[in-house]
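# Structure assessment
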Amino acid sequence: VNLTEQQQVNFDSLVQAALFLDEFNQMYQKRMAIYVQSFTTKSGNLDANLKVANQRIIAFISLLEKAGVNSKLLVSQVKFAEDLTESVNLRSVRFSVFDNKQANP
């Protein structure tokens, strides 16, 4: 994974936010998590598309973990563009924060 200069700035901001989120969880006994999604399409070779989308998630999560982000904060999922109501960039990763009530403390 190679990040552009602007992507690196955004990534560094994400890492700082994740570190704060981990502290927040510990201080307030919360289970907030970072939901990492990788997008692909069902067209073409479905198995190959899934494999590449999963590799994209693994690479991104690996970068986060190497930067010091607690792996327990991270939840991942591959999403198919055809199943979404909004348009997304294929071959991309998106993340959001959510309350992961089902997570183990």
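Procedures and definitions
- The written sequence of each chain sets the order in which its residues are numbered from 1.
- Only residues with pLDDT of 70 or above have their local features reported here, since the model is predicted, and side-chain atom pairs are shown and tallied only from 80 upward, although totals for entire chains, interfaces and linings are computed over all residues.
- Hydrogens are left out, water is left out, and the side-chain values use all remaining heavy atoms of the structure.
- Helix and strand definitions follow DSSP, with helices as H or I runs of at least four residues and strands as E runs of at least two, each counted in order from the N terminus.
- Each residue is placed in one exposure class: buried if its accessible area under a 1.4 Å probe, protein chains only, is under 20% of its type's maximum, exposed if it is over 50%, and partly exposed if it falls in between.
- Between two residues, a contact is recorded if the distance between any of their heavy atoms is within 4.5 Å.
- The patches reported here contain residues having more than 30% relative accessible area and no salt bridge. Joining distances are 9 Å for like charges and 5 Å for nonpolar side chains (Val, Leu, Ile, Met, Phe, Trp, Tyr).
- Per-residue accessibility takes into account occlusion by the displayed protein chains alone, with areas from the Shrake-Rupley method and a 1.4 Å probe.
- Think of a salt bridge as a Lys or Arg side-chain nitrogen and an Asp or Glu carboxyl oxygen that are within 4 Å of each other.

### A few points about the environment of Phe20
As for its placement among the helices and strands, Phe20 is situated in helix α1 (residues 5-28). Taking C-alpha positions, Phe20 is 40 Å from Asn45, a pair spaced 25 residues apart along the chain.

### Some points on the side chain of Ser92
Here Ser92 shows up in the loop between β2 (74-80) and β3 (93-99). Given the relative accessible area of 18%, Ser92 is considered buried. Beyond its immediate sequence surroundings of up to four residues, Ser92 is in contact with Gln37, Ser38, Phe39 and Arg56.

### What about the environment of Phe39?
Checked against the element boundaries, Phe39 lands in strand β1 (residues 32-40). Look at Phe39 and you get buried, because its relative accessible area is 1%. Along the backbone, Phe39 and Arg91 are 52 residues apart, and their C-alpha atoms lie at a distance of 5.9 Å. For Phe39, the contacting residues outside a window of four places in its chain are Arg56, Lys79, Leu84, Val88, Asn89, Leu90, Arg91, Ser92 and Arg94.

### Topic: a nonpolar patch on the surface
A cluster of nonpolar residues, Phe24, Met27 and Tyr28, forms a patch on the protein surface that exposes about 330 Å² of accessible area. Relative to the helices and strands, Tyr28 is located in helix α1.

### Let's talk about the side chain of Gln37
With respect to the helices and strands, the residue Gln37 is situated in strand β1. By relative accessible area, Gln37 is classed as buried at 9%. Excluding its chain neighbours within four sequence positions, the residues that come into contact with Gln37 are Gln77, Lys79, Ser92, Val93 and Arg94.

Worth remembering: the numbers are spatial, not functional.
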